[in-house]
Amino acid sequence: KFYDAKELHGEERRIFEICHGCRRCAGICPSFDILFDLLDSRDILAEALEDKDLDAVMEPCFYCKLCYTKCPYTPPHEFRLDFPHLALRHKAQKFKEKGATFAGRMLADPAGMARRARPVAALANAANRNRLARKAMAPLLKIHPDAPLPPVAAKTFTSRFGSLPRPAQTREKAVLFTTCLVDANYPELGETLVKFLASCGVEVILPEGIDCCGIPAFDLGDIETAAAKARKNVAALLPYARAGMPILAPVSSCAMALAMEYPLLVPGEETTCVSGASRDLLDYL
């Protein structure tokens, strides 16, 4: 049923009608702006929405989960309203049916994009800052030419980690799940974090074999790729989780993936252990 379009669209219309009557989510993100405009401008109920309307509502969702924190009808309420995972299901059904666009495939692999651009990092960064180049790339990548893009670092955080200081006196150890953004785009943030934690007496462990958290593929609806990355990361992080070490992710969406999405993607005792050890960085601090 998860991939059945008719079943999915029926569930979407059921949930959209609940949102229509509540509207605590109004203004939170474009999905709800589009939904309420479609309903109000035509003066219709959600059951009258066309399939293309459902696409228009679901496409902008990127799992920030703000709506979930505001919604009074999330599980275990009888309405079982989970808008972010409904959007995931919608995108997964589309991905299974049609696959991904070229832009979608590229953006779902941020680590790969950075790796390919690293040998020409200076040139890539210059192109990302050049308005004419950005206008030329916009139709291909589907990114607005005025939207800021992260820089490509000439050297990854992983390659710099060995030279960073350790605490004079270790109070505890913590594992760093570097994330693609820190490792490939903003390694100086990782360096600052390690130095700061060292000053607090926290020795940072950098595990081998970790991959992208999988959220970019997840956002595309490519659940199999997201689950494969989850399995790889769980295997790499499990020994540290079992040793009682906290696992820190300096990017909130990656922390969310470890703590909330992995147990759904690859359920089991090992994933539960890693998920339970995962901490959002600011929460840990």
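Residue numbering note: each chain is counted from 1, following its sequence as written. Note on the predicted model: pLDDT of at least 70 is required for a residue's local features to be given, and 80 or more for side-chain atom pairs to be given and counted; whole-chain, interface and lining totals, by contrast, use all residues. Hydrogens and water are ignored here; the side-chain numbers use all heavy atoms of the structure.

Student: Give a description of the environment of Leu164 that names residues and reports values.
Tutor: You can see Leu164 is positioned in the loop between α10 (157-160) and β1 (172-176). Sequence separation between Leu164 and Glu191 is 27 residues, and the spatial gap between their C-alpha atoms is 7.1 Å. The numbering of helices and of strands both runs from the N terminus, where a helix is a DSSP run of H or I of at least 4 residues and a strand a run of E of at least 2.

Student: How would you sum up helix α1 (residues 5-22)? Please name residues and give values.
Tutor: Structurally, the α-helix is built with 3.6 residues per turn, so residues lying three or four positions apart point the same way. Residue count minus one, scaled by 1.5 Å, sets the expected span of a helix. Compared with an ideal rise of 1.5 Å per residue, which puts 18 residues at 26 Å, α1 spans 26 Å between its outermost C-alpha atoms and is within 8% of the ideal. Burial classes: relative accessible area under 20% of the type maximum marks a residue as buried, over 50% as exposed, and values in between as partly exposed (1.4 Å probe, protein chains only). Turning to α1, its buried residues are Leu8, His9, Glu12, Arg13, Ile15, Phe16, Ile18, Cys19 and His20. Should any heavy atoms of two residues lie within 4.5 Å, those residues are considered in contact. On its buried side, α1 packs onto α2 (30-42), α3 (51-58) and α5 (83-98). At the C-terminal side of α1, Arg23 shows a positive phi close to 70 degrees.

Student: Describe the sheet that holds strand β2 (residues 202-205), and please don't skip the residues or the numbers.
Tutor: Pairing is parallel across the open sheet formed by four strands, whose spatial order is β2-β1-β3-β4. Sheet topology places β2 and β4 (278-280) at the edges, where each strand pairs with a single neighbour. Within this sheet the neighbouring strands show an average axis-to-axis angle of 40 degrees, counted without direction. Only the stretch in contact is used when a helix axis is fitted, and all axes are lines through C-alpha atoms; the angle between N-to-C directions ranges over 0 to 180 degrees. Relative to the sheet, helix α12 (residues 187-199) contacts β1, β2 and β3 (247-249), its axis offset from that of β2 by approximately 145 degrees. Any two strands between which DSSP finds at least two bridges are classified as paired.

Student: Kindly report on the packing of α3 against α5, identifying the contributing residues and their values.
Tutor: Packed helix pairs are characterised by how far apart their axes lie and by the angle those axes make with each other. At a minimum axis separation of 10 Å, α3 and α5 run at an interaxial angle of 120 degrees. Classed by the angle they form, the pair α3 and α5 counts as oblique. For the element pair α3 and α5, the recorded crossing hand is left-handed. Side by side, α3 and α5 meet where Leu54, Asp55, Val57 and Met58 of the first sit next to Phe83, Leu86, Ala87, His90, Lys91 and Lys94 of the second. Angles below 35 degrees are treated as roughly parallel, those above 145 as roughly antiparallel, those between 65 and 115 as roughly perpendicular, and all remaining angles as oblique. By definition, any crossing whose near helix is turned counterclockwise from its far helix by less than a right angle is left-handed, and any crossing with a clockwise turn is right-handed.

Student: Tell me about the packing of aromatic side chains, and name the residues and values.
Tutor: Here the aromatic set is Phe, Tyr and Trp, taking the six-membered ring for Trp, and pairing holds for ring centres within 6.5 Å; pairs whose planes are under 30 degrees apart are stacked, those over 60 apart are edge-to-face, and all others are tilted. Evaluation of the coordinates by the stated rule reveals seven aromatic pairs. An aromatic cluster of three or more residues is present, and its members are Phe16, Phe32, Phe36 and Phe83. Across from the ring centre of Phe36, 4.3 Å away, lies the NZ or CZ of Arg23, which sits over that ring. Placement of a charge over a ring requires the Lys NZ or Arg CZ to be within 6 Å of the ring centre, with the centre-to-atom vector within 35 degrees of the ring normal. In this structure, Lys96 packs its charged tip against the face of Tyr3, placed 4.7 Å from the ring centre.

Student: I'd like a rundown of the nonpolar core, residues and numbers included.
Tutor: We define a nonpolar core as any set of buried Ala, Val, Leu, Ile, Met, Phe, Trp, Tyr and Cys residues linked to one another through side-chain atoms lying within 4.5 Å. With 57 residues, the main nonpolar core has Phe16 and Ile247 as its most contacted residues. Broken down by element, this core gets its largest block of residues, eight residues, from helix α14 (residues 223-242). Residues contacting Phe16, with those up to four places away along its chain left out, are Leu35, Ala46, Leu49, Leu54, Val57, Met58, Phe83 and Leu86. One finds Phe157, Val182, Val202 and Tyr284 within the second-largest nonpolar core, a separate group that totals 15 residues.

Student: Can you explain helix α7 (residues 110-117)? Please cite residues and give values.
Tutor: Here α7 has its buried residues at Gly112, Ala114 and Ala117. Residues of α7 that are buried make contact with α8 (121-129) and α11 (179-185).

Student: Lay out the side chain of Asn128 in plain terms, naming residues and giving numbers.
Tutor: Along the chain, Asn128 falls in helix α8. What Asn128 contacts, discounting residues up to four positions off in sequence, is Arg134, Met137, Leu149 and Pro150.

Student: A description of the side chain of Ser278 should follow, citing residues and the corresponding values.
Tutor: Structurally, the position occupied by Ser278 is in strand β4. By relative accessible area, which is 11% here, Ser278 ends up buried. Whenever a nitrogen or oxygen atom comes within 3.5 Å of another N or O atom, the pair is scored as a polar contact, on the condition that within protein one atom can donate a hydrogen and the other can accept it, and that pairs from neighbouring residues in sequence are kept only if both atoms are in side chains. A polar side-chain atom of Ser278 sits 2.8 Å from the main-chain carbonyl oxygen of Val274. Excluding residues that lie within four positions of it along the chain, Ser278 makes contacts with Ile247, Leu258 and Ala259.

Student: Any chance you could break down empty space enclosed by the protein for me, citing the residues and the numbers?
Tutor: Residues are called lining when one of their atoms sits within 4 Å of a cavity or pocket point, these points coming from a 1 Å grid over the protein atoms alone, where a cavity is a set in which a 1.4 Å probe fits but cannot get out and a pocket is an open set with protein on both sides within 12 Å along at least five of seven lines. Grid points are joined across faces, edges and corners, and a volume is the space filled by probe spheres set on the points. If you walk through the whole model with that rule in mind, you get two cavities of 30 Å³ or more. What the largest cavity holds in volume is close to 100 Å³. If you go around the largest cavity, you meet 14 residues; those closest to its centre are Cys19, Cys25, Cys67, Cys71 and Leu81. Where the lining of the largest cavity is concerned, the elements lending two or more residues are α1 and α4 (66-70). Gly is put with the polar residues, along with every residue not named as nonpolar or charged; the nonpolar set is Ala, Val, Leu, Ile, Met, Phe, Trp, Tyr, Cys and Pro, and the charged set is Asp, Glu, Lys and Arg. Tallied by class, residues from the lining of the largest cavity come to 12 nonpolar, no polar and two charged. In this structure, the second largest cavity encloses a volume near 70 Å³. Lining the second largest cavity are Cys29, Pro60, Cys61, Phe62, Tyr63, Cys64, Lys65, Cys67, Phe83 and Pro84. Grouping the constituent residues of the lining of the second largest cavity by class yields nine nonpolar, no polar and one charged.

From the geometry alone we can't say anything about function, so treat these as descriptive.
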